[in-house]
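# Summary of the model geometry
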Amino acid sequence: MLCTWFKTPTDHTTNKYRTSKMLSRGWLVQDADGPYDQQVQDIKNAITWMVGSGVDGISTENGVSEFTHASCNKSLGWMNILVENSPVPVYIKEHISSGQFCDGFTDPVTGGPLNFNFLPYYADKRLGVMPHTVQFYTVDDPAPTYGQQNFTFMLESALYTASVNRSTIYFGETAYWVNFDIDVPLFLPIYGYRALYDLRKTGSKLAGCADFSSGFEFGYWLHDTIYASAAWDPQLSSPDTVSGLRAILTPMLWSTDVVNWLLDVIQVQRDLLIYGGTPGAMDVAKKNGQAYIQGWDTWSELGDLAGLMKTQPEKLGFDSLRFNPFHSPKYSTQVRPFLSKMVEQFSRLNGEIQTIAENAPAEFKSYANEFLYTFNITTQRAVQVYNLYEYVATGNQSNWNVAEQALASAKEIMDVYQFRLPVDRVASWNPSNPTAYDYMYLWTAKSLYYFWRDRAQVLLDSPVDLSPCLYNIINPVDVAIGQEDLQKILVELRELAKKWGWPEEFIADCLAAPKTEPKFP
């Protein structure tokens, strides 16, 4: 099976929020709102340049962003022009986003209105497709993200396009980045399970696979290695995914103990991060562990408030727990149990990896310590989150103290963690870098930004801390969300300011990133 890797490199030039009109510091292929004749010429010029550089193939995006698109007929025209003028194979990504449809087009799989992401059904047959799923959810898991409940429809679409002889490449992820995993940081070998499970599902039915990765730090090389091995051999002779993972991991790692530990971590994470401790549950919205230990920033919260596409699982917020006696889900019975169980199970696993790391052979010591440090930080994150929620729910000072100690412990670990690449290159505050962000892609992990932001939201040291603009680190004009969505968010901000009587400083931080690196207590 052919498999291609798409990484978030240390000088990444795109991100999951940007639109094709807003690739500031990137390469703008065409203006989606410009004259059609000029768009055609821009596409041809881009093909000439890329083919001239020696590429073997071209991949492109469907839509103006993951969440918005030009007219369906115009978009279909762009696809066909690209294929007709390219001497090399062309593939287009099919996004997982929801709520976009093409009038006048019928979905041949469902018989209903056509999801815009599947418009390539109607394109020139030479156009290959890359059905793309996100984060660590398999095609069968409950997946409360991107407006979806699960990704089964994407599997159905992939199998259909392959059945009608359109080249189809499964496009998974071994890291998502934005708020979700490596930038917290969280140790999530569950990604390895997802990779093998999905490739066992698609396997020989598709032409190949591709991967979106975000580098090797914090043990994320493990996910990529599992994916690479699974692409070569998806272990179809193994009775199940766990057995297949064991077959992949055993020759890769230094002992049966570490293999067993990783498989245990994966099972615990699937149980708690996806299912919220309720095996087989499909309605897991706000009732899953990942929603709480992932990071939340200004724009994820504002997008939620403005009713925009949610690109990460929703949670019961601190403010809802604090101010709304009718909050849903009910914290005491529907959230507290799995947060508490996460602390219990992660703490157990954390003790086990300490023993495994101590006994690791010298040549594997750095790998063992990487597992140890990152899982320890993940455990401290679970401890912090649980005790912050308990403090809001009960006012018990001891919970606040435990949350503070968890943050202090995470900071101690991060201070000694050895990055694989120079910190300045991957984890520094650097407004002059070539991206639309003012920081390198792991600055939020190195600074424990998400830990500090949750702490401030609970502490409420100042009335301003009630604002979703708290600790904003993103320039909305650069990174953005699209002009239309940005306008919706600004309207929502004004309404919130009126509702709560917020003065101007409550929303001022939303308008721009700070001029200097934020400093936390």
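Relevant structure appears above.
Numbering of residues starts from 1 in every chain and runs along the sequence as written. Selection of residues for local features in this predicted model requires a pLDDT of at least 70, selection of side-chain atom pairs for listing and counting requires 80 or more, and totals for whole chains, interfaces and linings are taken over all residues. In computing side-chain properties, one takes all heavy atoms of the structure into account and sets aside hydrogens as well as water.

### Observations regarding the sheet that holds strand β2 (residues 58-61)
To be explicit about the condition: Two strands form a pair only when DSSP identifies at least two bridges running between them. Note on conventions: DSSP H or I runs of at least 4 residues are helices, E runs of at least 2 residues are strands, and numbering of each starts at the N terminus. Fitted lines through C-alpha atoms give the axes, limited to the stretch in contact for helices. The angle between two N-to-C directions lies from 0 to 180 degrees. Note on contacts: a residue pair is in contact if any heavy atoms of the two residues lie within 4.5 Å.
Taken in spatial order, the three strands make up an open sheet running β2-β3-β6, and their pairing is parallel. Looking along the sheet, the strands with just one partner apiece sit at the ends: β2 and β6 (127-131). Strand-to-strand twist in this sheet, taken as the mean axis angle between neighbours without regard to direction, amounts to 30°. Pairing of strand β3 (residues 90-94) with β6, which is carried by five bridges, proceeds in the parallel orientation. Paired with Tyr 91 across the two strands is Gly 128, which belongs to β6. Against the sheet, helix α2 (residues 72-85) makes contact with β2, β3 and β6, and its axis sits at roughly 155° relative to β3, the strand it touches most.

### Notes on the nonpolar core
What counts is decided by this rule: What we call a nonpolar core is a set of buried Ala, Val, Leu, Ile, Met, Phe, Trp, Tyr and Cys residues that are connected through their side-chain atoms within 4.5 Å. Each residue is placed in one exposure class: buried if its accessible area under a 1.4 Å probe, protein chains only, is under 20% of its type's maximum, exposed if it is over 50%, and partly exposed if it falls in between.
If you look at the biggest cluster of nonpolar residues, it comprises 147 residues, and the most contacted ones within it are Leu 119, Phe 136, Phe 218, Trp 261, Tyr 292, Leu 339 and Phe 371. When residues in this core are grouped by element, the largest group, twelve residues, is from helix α12 (residues 365-394). Apart from the residues lying within four places of it in its own chain, the contact partners of Tyr 292 are Lys 286, Lys 315, Leu 316, Val 335, Phe 338, Leu 339, Arg 381, Val 385 and Tyr 389. The next biggest cluster of nonpolar side chains, apart from the first, holds six residues, and it includes Tyr 91, Met 130, Phe 171 and Phe 212.

### Things to note about the packing of aromatic side chains
The condition is simple: When the centres of two rings from Phe, Tyr and Trp lie within 6.5 Å, Trp using its six-membered ring, the rings pair. Their planes under 30 degrees apart give stacked, over 60 give edge-to-face, and anything left gives tilted.
Under the counting rule described, the total for this entry stands at 41 aromatic pairs. Residues Trp 221 and Tyr 367 carry aromatic rings whose centres are separated by 5.2 Å and whose planes lie at 75° to one another, so their mutual orientation is edge-to-face. Taken together, the positions of Trp 221 in helix α5 (residues 221-232) and Tyr 367 in helix α12 put the pair 146 residues apart, joining distant regions of the chain. Through successive ring pairs, a cluster of aromatic residues spans Trp 177, Trp 429, Tyr 437, Tyr 439, Trp 443, Tyr 449, Tyr 450, Trp 452, Tyr 471 and Phe 520.

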